[in-house]
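Here's the letter readout for the chains.
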Amino acid sequence: MIKRGFRYQTGEIDEVAKLLKEGNIPEIDIDFEYEIQEVISDLESFGFEVAWEDAYDYDAVDKIEHPDFMFRLKMVEKSTGKICYLDFYEGPKDQEDGYDEIWWG
C-alpha cells in the first residue's frame, strides 16, 4: 500500500490557494494529465503564476517512499513575488490504493 498524506482534488483550488498563501506545500492528486494545466489555470485566478526558472522539480520527494509523486511545481504569488510550491501526485488507480469506500459510492 502507498503511504499517503492528505491530498487535495482538483476541485479544491480555493483551499489549495489558501495553503499556498500561508507558505504550505499542498499536494494534489491528478487522475488525468490535462488536469495539471487546469489546476495552473485555476490558480492564476487566485493570483499565482508558474515561475519562469526551474519551475518543475521531479526529484523533490523520495520516489521510493512515494512512487506516485509526479513533480513539484514552483509558483509565484504575483502581488507579493513570494515563491511557493505545489506537489502533484498520480491519483489512486484502484480502491485498495487510495480513496475510502465512501468516495467510490
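The structure this text deals with has already been given above.
Throughout what follows, the structure given in this document is the object of discussion. (Residues numbered from 1 in each chain as written. Predicted model: local features only at pLDDT ≥ 70, side-chain atom pairs only at ≥ 80, totals over all residues. Heavy atoms only, no water.)

Another aspect to go through is helix H1 (residues 13-22). Turning to H1, its buried residues are Ile13, Val16, Ala17, Leu19 and Leu20. One face of H1 carries all of its buried residues, which in axial projection span an arc of 160°. Gly23, located one to two residues past H1, shows a positive phi value of around 95°. (Buried < 20%, exposed > 50% of the residue type's maximum accessible area, 1.4 Å probe, protein only. Helix = DSSP H or I, 4+ residues; strand = E, 2+ residues; numbered from the N terminus. Arc of directions from axis to C-beta.)

This brings us to the packing of aromatic side chains. Scanning all chains against the criterion turns up six aromatic pairs. Ring centres 5.4 Å apart and planes at 70° place the aromatic pair Phe69 and Tyr89 in the edge-to-face group. One end of the pair, Phe69, is in strand E4 (residues 69-77); the other, Tyr89, is in strand E5 (residues 82-90), with 20 residues separating them in the sequence. We classify Tyr89 as buried; its relative accessible area is 1%. What links up through ring pairs into an aromatic cluster is the set Tyr56, Tyr58, Phe71 and Phe88. (Phe/Tyr/Trp six-rings, centres within 6.5 Å; stacked < 30°, edge-to-face > 60°.)

Bringing a nonpolar patch on the surface into the picture now. On the surface, a cluster of nonpolar side chains totalling about 230 Å² of accessible area is made up of Ile25, Ile83 and Tyr85. Topologically, Ile25 is positioned in the loop between H1 and strand E1 (27-30). (Patch = residues over 30% accessible without salt bridge, like charges linked within 9 Å, V, L, I, M, F, W, Y side chains within 5 Å. Areas by Shrake-Rupley, 256 points an atom, 1.4 Å probe, with all protein chains shown as cover. Salt bridge = Lys/Arg side-chain N within 4 Å of Asp/Glu carboxyl O.)

In terms of burial, E4 is a largely internal element, eight of the nine residues being buried. By the bridge criterion, three bridges tie strand E2 (residues 48-50) to E4 in an arrangement that is antiparallel. Along E4, the bridge assignment pairs Val50 with Met75. Pairing analysis gives two bridges linking strand E3 (residues 56-57) to E4, with the strands arranged antiparallel. Opposite Asp57, over in E4, you have Arg72 as the bridge partner. Two strands pair when backbone bridges link them, and E4 and E5 are joined in this way by eight bridges, in the antiparallel orientation. Counted as the bridge partner of Lys74 is Tyr85 from E5. Counting the residues in the hairpin turn of E4 and E5 gives four residues, including Gly81, whose phi is positive at 80°. (Pairing = 2+ DSSP bridges.)

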